[in-house]
Amino acid sequence: MAYTWEPKWEVFEVDIEGIKFRTCRDRITGLIACPICIHAASKCLGEKAPLIYTYENVFFYTVEDLLKHMKGYHLLGLKKRVAKLVEKLHEEK
């Protein structure tokens, strides 16, 4: 019984409903990684890893689940930060 998992990443291209991006998918399990959470650019797309980055291991079985995660987690957080910035700018006026 294994207690660890060493993914065998391959480049996975998502092209659904006008949304296109590349991320990583494990060749063995088929799990699709969130490209933002694991920093796909450095994990499987051949770019250099950033000096400061908080990695999270977030994986999905379907592209639909990945998109729901990205819309709900990443975009919602961005919207909240933009709203706070707008509020702060209005207070400064």
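How each quantity is defined
Counting starts from 1 at the beginning of each chain's written sequence and moves along it residue by residue. Given that the model is predicted, a residue must reach a pLDDT of at least 70 before its local features are reported, and side-chain atom pairs must reach 80 or more before they are shown or counted; all residues, however, enter totals for whole chains, interfaces and linings. Excluding hydrogens and water, the side-chain values take into account all heavy atoms of the structure. For helices the rule is a DSSP run of H or I covering at least 4 residues; for strands it is a run of E covering at least 2, with both sets numbered from the N terminus onward. In this treatment the radius of gyration is a C-alpha quantity, and the globule benchmark scales as 2.2 Å times the residue count to the 0.38 power. Here a residue-residue contact requires only that any non-hydrogen atoms of the pair lie within 4.5 Å. All accessibility values rest on the Shrake-Rupley procedure with a 1.4 Å probe; residue burial counts only the protein chains present in the view. Neither His nor the chain ends is counted toward charge; the positive residues are Lys and Arg and the negative residues Asp and Glu. Here the site of a charge means atom NZ of a Lys, CZ of an Arg, CG of an Asp or CD of a Glu. Put simply, a disulfide is two cysteine sulfurs that come within 2.5 Å. Only residues whose relative accessible area exceeds 30% and that form no salt bridge enter a patch; like-charged residues are grouped when within 9 Å of one another, and nonpolar side chains (Val, Leu, Ile, Met, Phe, Trp, Tyr) when within 5 Å. The term salt bridge refers to a pairing of a side-chain nitrogen on Lys or Arg with a carboxyl oxygen on Asp or Glu at a separation within 4 Å. In this scheme, a helix's expected span is set at 1.5 Å multiplied by one less than its residue total. Bend, at a single residue, is the angle you get between axes fitted to the 7 residues ending at that residue and the 7 residues starting at it. With a 1.4 Å probe rolled over the protein chains alone, any residue whose accessible area is under 20% of its type maximum counts as buried; one over 50% counts as exposed, and the rest are partly exposed.

Thoughts on the overall build of the protein
Looking only at helices and strands, one finds 2 helices and 4 strands in the protein. Beginning at the N terminus, the succession of helices and strands in the protein can be written as β-β-β-α-β-α. Since a compact globule built from 93 residues should have a radius of gyration of about 12 Å, the 16 Å found for the protein marks it as more spread out than a globular shape. Restricting to contacts in the protein with at least 6 residues of sequence separation, those with at least 24 account for 40%. Total accessible area computed for the protein in this model is approximately 7,300 Å², and 56% of it derives from carbon and sulfur atoms. One finds the centroid of the 15 positive side-chain charges in the protein at a distance of 3 Å from the centroid of its 13 negative side-chain charges.

Quick word on the state of the cysteines
Under the counting rule described, the total for this entry stands at 1 disulfide. The disulfide bridge from Cys 24 ends at Cys 44, spanning 2.1 Å between sulfur atoms. Measuring the twist about the S-S bond at about -95 degrees, one finds the Cys 24-Cys 44 disulfide to be left-handed. Remark: Cys 44 occurs in the loop between α1 (40-43) and β4 (59-60) and Cys 24 occurs in strand β2 (residues 19-26); sequence separation between them is 20 residues.

A closer look at a nonpolar patch on the surface
Residues Leu 75, Leu 78, Val 82 and Val 86 make up a contiguous nonpolar surface patch of about 320 Å² in total accessible area. Note that Val 82 resides in helix α2 (residues 63-92).

Let's talk about α2
For α2, which comprises 30 residues, the first-to-last C-alpha distance of 42 Å matches the rise-based estimate of 44 Å (1.5 Å per residue) to within 8%. Leu 75 marks the point of greatest bend in α2, at about 30 degrees. Among the residues of α2, those classed as buried are Val 63, Leu 66, Leu 67, His 69, Met 70 and His 74. Contacts from the buried residues of α2 go to β1 (9-16), β2, β3 (32-33) and β4.

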